[in-house]
Every structure is written in C-alpha cells, then in structure tokens.
Number of protein chains: 2
Amino acid sequence: MRASLKRTGLARHLGCNIETVRYYETIGIIGPTDRTASGHRLYSQADIDRLRFALRLRDLGFCLEEVRGLLAMVDGGNHTCGQVAEMAETHRRNIRRKLDDLQRLETSLAGLIATCHRGDTPDCAILNALATQ
Amino acid sequence: MRASLKRTGLARHLGCNIETVRYYETIGIIGPTDRTASGHRLYSQADIDRLRFALRLRDLGFCLEEVRGLLAMVDGGNHTCGQVAEMAETHRRNIRRKLDDLQRLETSLAGLIATCHRGDTPDCAILNALATQ
DNA sequence: CTAGACCCTGTAGTACGTACAGGATCAAGA
DNA sequence: TCTTGATCCTGTACGTACTACAGGGTCTAG
C-alpha cells in the first residue's frame, strides 16, 4: 500500500509534532511535497521515509545542520561509508564530553547537598558555600 | 579595599562575557547599578558578589528562572535551609535524568558505529540501520 | 447543511546569550 | 591641548529547535 498522509496523519505515524514537520520544510530538511488542488500537503512514502530518517538522527542528538549534511550526502550519493562513520564518531566524542561535563556537575552538586543540614532557618550551608569568595 | 568596576573590569574579574552582564541586568537577575555622571555603570562589591553567586548557580546548571528564584529567596530572607536543599535535590534529579538520557544515546550510537566496516563505498551499515523501517 | 476537525500562512515567543551598528566618553601619550 | 584607541552607551538582529498562536479556508461525518 502506498501511503499518502496529511500533516496530522504524518505526525501521528512518526510520533512527532505537527509544527516540527512544517519547520523542517521551511529550513529545507524535507522538500516541498505534493499538494491537493486546494493546497493541502500530501506526504508520499518517500517523504515519510526521509522525515523518519531525519527524526532518528535528531533523536541520536545530531543537530539539524548535521542532519542536513547527512541527508545531502545521501542525496548526492557521493559519500563513503567511512565518511559517515567519521561523522558518527565525532558526534560520539561530543556526547562523551557532554557526559563528562554533566557528571562533574552532578558530583559538585552532590557535594554541596551533602553539606546541608536541612534546617528550618535561613542559614544554609549551600548558600554559604556559593556566596563565599 | 572596596571595588567599583566598570563592565570590562567586572567581566574580567568574574571570567564572564561582557554582554552577559548586561543581559542579566535587562532580565532582572542583577539590579540597575550606580552610574557615573556620564552614564557609565559602576559595579559595587555587592553587585559583584551577587553576580558571582548567579554565575555559580548557572555553572551548576540551574536555569535563570531558578537562579532568579534562589536570589529572591535570599533577598527576601524568608527562605529556610530545607527549601534550598529541596531545590538543589530537584535540580540534581533533573541532571541525573539528563545523564541517563545521554548515556542511552551514547550506547545507541556506539552500537551503530560498531556495525560499520568503514569502506570507501556509499553502502553504509549505519545509514542502512537508520533508514530501515 | 452544519459542526467540528483539519488545513493554510504568517508572525511572535521560548532560553540564553552573542554580535553588531552607530555613537559618546575616557585615559594616556605627543 | 589634541588625538588616538580603548571603553562605554543603547538598540536591534541573530542563533538553535522548535512551539504557539491568529485569522482564515477546507473537508468530512451525521
């Protein structure tokens, strides 16, 4: 069966927000689709596949610029598997860095919280620690 | 010695961006400061302390709304140590959740990368995995 | 035929700044 | 005293990745 959905159907099918679909069209992640005589968009199976691909990349934390790049590579057909792997590796390093940052932050916060005796007075070890020069 | 800095001096002293200082003033994180006769801002020691406090909270990952809330609590003097600790705990839970999300993401990405043979052809296991319905 | 669900476009708002434009002021050296 | 370059001022636009309207047109089931 060949699908041909409108915006709400598409959004439900892929589990994304309606507005996101239009946004992705305006910034060129997905191209302009076919329209009905009255101007309603009709999403073909190819449109759906492309959007799903983009959404998966997004869910993997790629920014839209990277998504655009990967789509362009696939569109052009002038990519190699090695290039794709390299982009993925770079992205993974960025995520690892974020993980490290967040882990350090959690540690700091845990240390701060541990100093607190949770009294019902305004005198707070957390605030004192933060206010100290 | 009582400090009284202008914007560049302040930004250098606290290691933040000049524009950030002005931004924090426009959104009310820090109040309007004294000015010279010609209108140049002068940051007192109290201004500096307040900004440092706000920047530390920001560095701990609190959003500006939370920073504003904590500052208001301190300003009003009507807070308890327990309330502060609770905010910190809530924030810590949010960070933990982000850590989990990011960790899952890293795992997915690692799995994807592992399937790739890094060839110089366009046929790519990563792209195939992402394109598969 | 009508009600309500859906579609269209354009614009404004979110968080947290960053970056400029166009002009005024200040401090130090000649 | 003059000039030069650093700094200051204000206002506004830009960035990401959407989200939320407003004001109108279309479609479909009863």
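Source: prediction; values computed, not measured.

## Points about the interface of chain A and chain B
Reasoning step 1: Across the boundary between the two partners, chain A contributes 44 residues, which contact 44 residues of chain B.
Reasoning step 2: Mapped onto the side of chain A that touches chain B, the elements with two or more residues apiece are α3 (45-59), α5 (81-114) and α6 (125-131) of chain A.
Reasoning step 3: In terms of residue count, α5(A) provides more of the side of chain A that touches chain B than any other element does, 21 residues in total.
Reasoning step 4: Class assignment for the residues of the side of chain A that touches chain B results in 23 nonpolar, 11 polar and 10 charged.

## Things to note about the protein's contact with DNA strand D
Reasoning step 1: In the vicinity of DNA strand D, 18 residues are found, and the nearest of them are Ser38(A), Cys63(A), Lys6(B), Thr8(B) and Arg41(B).
Reasoning step 2: At the level of elements, α2 (18-26) and α4 (64-76) of chain A together with α1 (7-14) of chain B are the ones that each hand at least two residues to the surface near DNA strand D.

## So, the pairing of strand β3 (residues 41-44) of chain A
Residues and elements named next belong to chain A.
Reasoning step 1: By the bridge criterion, two bridges tie strand β1 (residues 4-5) to β3 in an arrangement that is antiparallel. From the neighbouring strand, Ser 4 faces β3, where its bridge partner is Ser 44.
Reasoning step 2: Examined bridge by bridge, strand β2 (residues 34-35) and β3 share two bridges and lie antiparallel to one another. Along β3, the bridge assignment pairs Arg 35 with Arg 41.
Reasoning step 3: The turn linking β2 back onto β3 is made up of five residues, and Gly 39 within it adopts a positive phi angle of 100°.

## Details of α5(A)
Reasoning step 1: Its 34 residues give α5(A) an end-to-end C-alpha distance of 49 Å, which sits within 8% of 50 Å, the value for a rise of 1.5 Å per residue.
Reasoning step 2: For α5(A), every residue scored as buried is listed here: Cys81(A), Val84(A), Ala85(A), Ala88(A), His91(A) and Leu109(A).
Reasoning step 3: Close packing links the buried residues of α5(A) with α4 of chain A together with α5 (81-114) and α6 (125-131) of chain B.

## So, the protein's contact with DNA strand C
Reasoning step 1: In the vicinity of DNA strand C there are 18 residues, among which Lys6(A), Thr8(A), Ser38(B), Cys63(B) and Leu64(B) approach most closely.
Reasoning step 2: Breaking the surface near DNA strand C down by element, the ones donating at least two residues are α1 (7-14) of chain A together with α2 (18-26) and α4 (64-76) of chain B.
Reasoning step 3: Broken down by class, the residue content of the surface near DNA strand C amounts to three nonpolar, nine polar and six charged.

## Overview of the relation of the copies chain A and chain B
Reasoning step 1: When chain A is fitted to chain B, the residual RMSD is 0.1 Å, and the transformation amounts to a turn of 180° plus an axial shift of 0.0 Å. Considering both components of the superposition, the chain copies are consistent with a two-fold axis. Measuring from the rotation axis to each C-alpha of chain A, the shortest distance belongs to Leu99(A), at 3.2 Å.
Reasoning step 2: A share of 100% of the interface residues of chain A reappears at the interface of chain B, consistent with the copies meeting face to face through the same patch.

## Examining the environment of Arg68(A)
Reasoning step 1: Its place among the elements puts Arg68(A) in helix α4.
Reasoning step 2: Judged by the 17 C-beta atoms lying within 10 Å of it, Arg68(A) falls in the partly exposed class.

## Here we look at the packing of α5(A) against α5(B)
Reasoning step 1: In the contact formed by α5(A) and α5(B), the axes pass within 9 Å of each other and the chain directions differ by 160°. In terms of their interaxial angle, α5(A) and α5(B) are classed as roughly antiparallel. Relative to α5(B), α5(A) is oriented so that their crossing is left-handed.

## A closer look at unusual backbone geometry
All names here are of chain A.
Reasoning step 1: At Arg 118, a residue that is not glycine, the phi angle is positive and equals roughly 55°.
Reasoning step 2: Summarising the element assignment, Arg 118 is placed in the loop between α5 and α6.
Reasoning step 3: Look at Arg 118 and you get partly exposed, because 16 C-beta atoms sit within 10 Å.

## Let's talk about the domain arrangement of chain A
All names here are of chain A.
Reasoning step 1: Segmentation of chain A into domains returns domain 1 (1-79) and domain 2 (80-117).
Reasoning step 2: Taking the mean C-alpha position of each, domain 1 and domain 2 sit 29 Å from one another.
Reasoning step 3: Facing the six residues of domain 1 at the interface are six residues of domain 2.
Reasoning step 4: For the side of domain 1 that touches domain 2, the per-class residue count stands at three nonpolar, two polar and one charged.

## Some points on the packing of α1(A) against α3(A)
Residue and element names in this part refer to chain A.
Reasoning step 1: Where α1 meets α3, the axes come as close as 11 Å, and the angle between the chain directions of the two elements is 45°. Relative to α3, the element α1 is oriented oblique. Two packed elements cross with a definite hand, and for α1 against α3 that hand is right-handed. Here Leu 10, His 13 and Leu 14 of α1 come into contact with α3, specifically with Ile 48, Leu 51, Arg 52 and Leu 55.

Procedures and definitions
- Residues numbered from 1 in each chain as written.
- Chains lettered and ligands numbered in written order.
- Predicted model: local features only at pLDDT ≥ 70, side-chain atom pairs only at ≥ 80, totals over all residues.
- Contact = placed C-beta atoms within 7 Å.
- Helix = DSSP H or I, 4+ residues; strand = E, 2+ residues; numbered from the N terminus.
- Nonpolar A, V, L, I, M, F, W, Y, C, P; charged D, E, K, R; others polar.
- Near = placed C-beta within 6 Å.
- Pairing = 2+ DSSP bridges.
- Expected span 1.5 Å × (residues − 1).
- Buried ≥ 20, exposed ≤ 12 C-beta atoms within 10 Å, placed from the backbone.
- Least-squares fit on C-alpha atoms with pLDDT ≥ 70 in both.
- Axes fitted to C-alpha atoms, helices over the stretch in contact; angles between N-to-C directions.
- Parallel < 35°, antiparallel > 145°, perpendicular 65-115°, else oblique.
- Left-handed = near helix turned anticlockwise from the far one by under 90°.
- Domains from an automatic or database assignment.

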